[in-house]
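Chain by chain, the residues run as shown.
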Amino acid sequence: MGLAEKMSAGGFSGRLAGAEPLSGYCSIGVGGPAELLAVPENMADLSMLMQVIREDGLPHCLLGGGTNVIFSNGGFAGCVIRLGSAFTHIATAGGGIVVGAAVTTARLLAHCRRHGLAGLEFLVGIPGTVGGALRMNAGVPGLEIGSRVRQLQLHRGGKTEGAVWVDRADLDFRYRDLTGLGEADVILAAELEVEPSTPEEVLAGIEKMQDMRRGKQPMALPSAGCWFKNPPGDSAGRLIDAAGLKGSRVGGAAVSEIHANFLVNEGGATAEDLLRLARLVREAVQDKFGVTLEEEVHVF
Ligand code: EPU
């Protein structure tokens, strides 16, 4: 029995789709099909899915808003998981915000604005879901979502299958990364630290952050955000620009003229165009400055 049949037989209530094109789920608009796309609607669905995946030894990956990932033209030979409706909750509790991983960062910010809760304004302009933002420890220089986490709710695979809350002290947030999660761990929710403020002040803070970004990053063309991590003490965008690479092209992929650390899809780019352009950029920066750029985007 295949995975899809096992899931249906077990009463999986979410969506299962075979050969689902991933380009529609990724902000950069490229990527071949997922062998299987699964959308668990609740904890029972997720537990069953993770168990069947383990039994079948099927590769899997979690997809949030798809804003910092790229799938090859060949797609993903395994199961791509997107969390469904049971993971879209948001509430203020005990002076913090408890938010599901499938909530978008835009909705989280709207909640903060409405309730006058400060501290997460830096998330403006960072698209995607809370789960993705946590996995990537999204932020701007000096401000990262990881430093706002009180605890994370994880679905743990293996012997201790089920949902557990893990304290911040036991989590390892790094620059654009959260390390130490197990292969079968899934971020379900977070409790985030915020400060009481007013809707007006929170809005002013959001607008200030937005102004800092305005005109400095390409918004009109599809991208995956910053492609490379900043090397210690420098900026990947500055290095790529100084190497004279703005406007470089491979097929439909280009180094943005606005911010050199954004590779943009000018129309009709394939994943391979983008990956070849990224390789060209990495090699040029290595040759010119002796700096090895590390990818921030997750490439599947
Ligand atoms: N610069 C250039 N040319 C460019 C781009 C930048 O010379 O094409 C120079 C700027 O003039 C500035 C320096 O490089 O002196 C830094 O640029 P910027 O302020 O744009 O910041 P960044 O380091 O390139 C970081 C984050 C962004 C985040 C901005 C917010 C990383 C890899 N990048 O960019 O995060 O939005 O700060 O200011 O950490 C992301 O992680 O996906 C992302 C976009």
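Residues numbered from 1 in each chain as written. Predicted model: local features only at pLDDT ≥ 70, side-chain atom pairs only at ≥ 80, totals over all residues. Heavy atoms only, no water.

**Q** Sorry if this is basic, but what is going on with the pairing of strand S20 (residues 262-265) here?
**A** Residues in a regular strand project their side chains so that they alternate between the two faces of the sheet. A two-sided burial pattern is seen for S20, the buried positions comprising Phe-262 and Val-264 on one face and Leu-263 and Asn-265 on the other. Relative to S20, strand S17 (residues 223-226) is paired through two bridges, and the arrangement is antiparallel. Across the sheet, Ser-223 pairs through a bridge with Val-264, a residue of S20. Pairing between strand S19 (residues 253-255) and S20: three bridges, direction antiparallel. Among the inter-strand pairings, Ala-254 is bridged to a residue of S20, identified as Val-264. (Buried < 20%, exposed > 50% of the residue type's maximum accessible area, 1.4 Å probe, protein only. Helix = DSSP H or I, 4+ residues; strand = E, 2+ residues; numbered from the N terminus. Pairing = 2+ DSSP bridges.)

**Q** It is not clear to me how the site of the ligand should be interpreted in this structure. Could you clarify?
**A** With respect to spatial proximity, 21 residues lie near the ligand, and among them Tyr-175, Cys-226, Asn-230, Asp-241 and Ala-260 are the closest. Between the ligand and Arg-176 there is a distance of 2.9 Å, counted from an oxygen atom to a side-chain nitrogen or oxygen. A distance of 2.8 Å is found between an oxygen atom of the ligand and a side-chain nitrogen or oxygen belonging to Gln-217. Across the complex, the protein chains shield 73% of the 810 Å² of accessible surface that the ligand would expose by itself. Listing elements by their share of the shell around the ligand, those giving two or more residues are S17 and helix H6 (236-242). (Near = heavy atom within 4 Å. Polar contact = N/O pair within 3.5 Å; in protein donor to acceptor, adjacent residues only side chain to side chain. Areas by Shrake-Rupley, 256 points an atom, 1.4 Å probe, with all protein chains shown as cover.)

**Q** What am I meant to see in helix H7 (residues 271-289) here?
**A** Within an α-helix, residues lying three or four positions from one another point in the same direction, as the helix has 3.6 residues per turn. Its 19 residues place the ends of H7 27 Å apart at the C-alpha level, agreeing with the 27 Å of an ideal helix rising 1.5 Å per residue. Those residues of H7 that sit buried are Ala-271, Asp-273, Leu-274, Leu-275, Leu-277, Ala-278, Val-281 and Val-285. Where H7 is buried, its residues touch strand S4 (69-70), H6, strand S18 (249-250), S19, S20 and strand S21 (298-299). Positive backbone phi, approximately 65°, marks Gly-290, located one or two places after H7. (Expected span 1.5 Å × (residues − 1). Contact = heavy atoms within 4.5 Å.)

**Q** How do you make sense of the side chain of Gln-217 when you look at a structure like this?
**A** With respect to the helices and strands, the residue Gln-217 is situated in the loop between helix H5 (199-213) and S17. Side chain to side chain, Gln-217 and Arg-213 meet in a polar contact 2.9 Å long. Not counting residues up to four positions away in its chain, the partners in contact with Gln-217 are Ile-258, His-259 and Phe-262.

**Q** Please clarify how the packing of aromatic side chains should be interpreted in this entry.
**A** A full pass over the atoms with the stated rule returns three aromatic pairs. Here the aromatic rings of Phe-71 and Phe-300 are separated by 4.9 Å at their centres, their planes lie at 15°, and the arrangement is stacked. Placement of the pair is Phe-71 in the loop between S4 and strand S5 (76-81) and Phe-300 in the segment after S21, with a sequence separation of 229 residues. Centroid distance Phe-76 to Phe-300: 6.0 Å. Interplanar angle 90°. Geometry classified as edge-to-face. With Phe-76 in strand S5 and Phe-300 in the segment after S21, this residue pair connects regions lying 224 residues apart in the sequence. Members of the aromatic cluster, each reached through a chain of ring pairs, are Phe-71, Phe-76 and Phe-300. (Phe/Tyr/Trp six-rings, centres within 6.5 Å; stacked < 30°, edge-to-face > 60°.)

**Q** Help me understand the nonpolar core, please; the structure alone is not making it clear to me.
**A** Counting 54 residues, the largest nonpolar core has Leu-49, Leu-108, Leu-120, Leu-134 and Leu-152 as its most contacted members. Residue contributions to this core peak at six residues, all from helix H2 (residues 43-56). Beyond its immediate chain neighbours, meaning those up to four positions away, Leu-120 contacts Ile-97, Leu-108, Leu-109, Cys-112, Arg-148, Leu-192 and Val-194. Among the nonpolar cores identified, the runner-up in size contains 26 residues, and Ile-70, Leu-245, Val-250 and Ala-271 belong to it. (Core = buried A, V, L, I, M, F, W, Y, C linked by side-chain atoms within 4.5 Å.)

**Q** Could you clarify how one ought to interpret the pattern of salt bridges in this entry?
**A** When the charged atoms of two side chains lie near each other, side chains of opposite charge can form a pair. Enumeration over the complete set of coordinates arrives at 15 salt bridges. Across the pair Arg-148 and Glu-195 runs a salt bridge whose closest N-O atoms are separated by 2.9 Å. You can see Arg-148 sitting in the loop between strand S10 (143-144) and strand S11 (149-156) and its partner Glu-195 sitting in strand S16 (residues 195-196), a full 47 residues away along the chain. Under the relative-accessibility criterion, Glu-195 is labelled partly exposed at 35%. Taken together, the shared-partner salt bridges in this structure form one network comprising Arg-150, Glu-191 and Glu-193. (Salt bridge = Lys/Arg side-chain N within 4 Å of Asp/Glu carboxyl O.)

**Q** How do you make sense of the packing of helix H3 (residues 105-115) against H5 when you look at a structure like this?
**A** Helix-helix packing: each pair is described by the crossing angle between the helix axes and the interaxial distance. The N-to-C vectors of H3 and H5 enclose an angle of 140°; their axes lie 6 Å apart at closest approach. With respect to each other, H3 and H5 are oriented oblique. Here H3 contributes Leu-109, Cys-112, Arg-113 and Arg-114 to the contact with H5, which in turn contributes Pro-199, Val-202, Leu-203 and Ile-206. (Axes fitted to C-alpha atoms, helices over the stretch in contact; angles between N-to-C directions. Parallel < 35°, antiparallel > 145°, perpendicular 65-115°, else oblique.)

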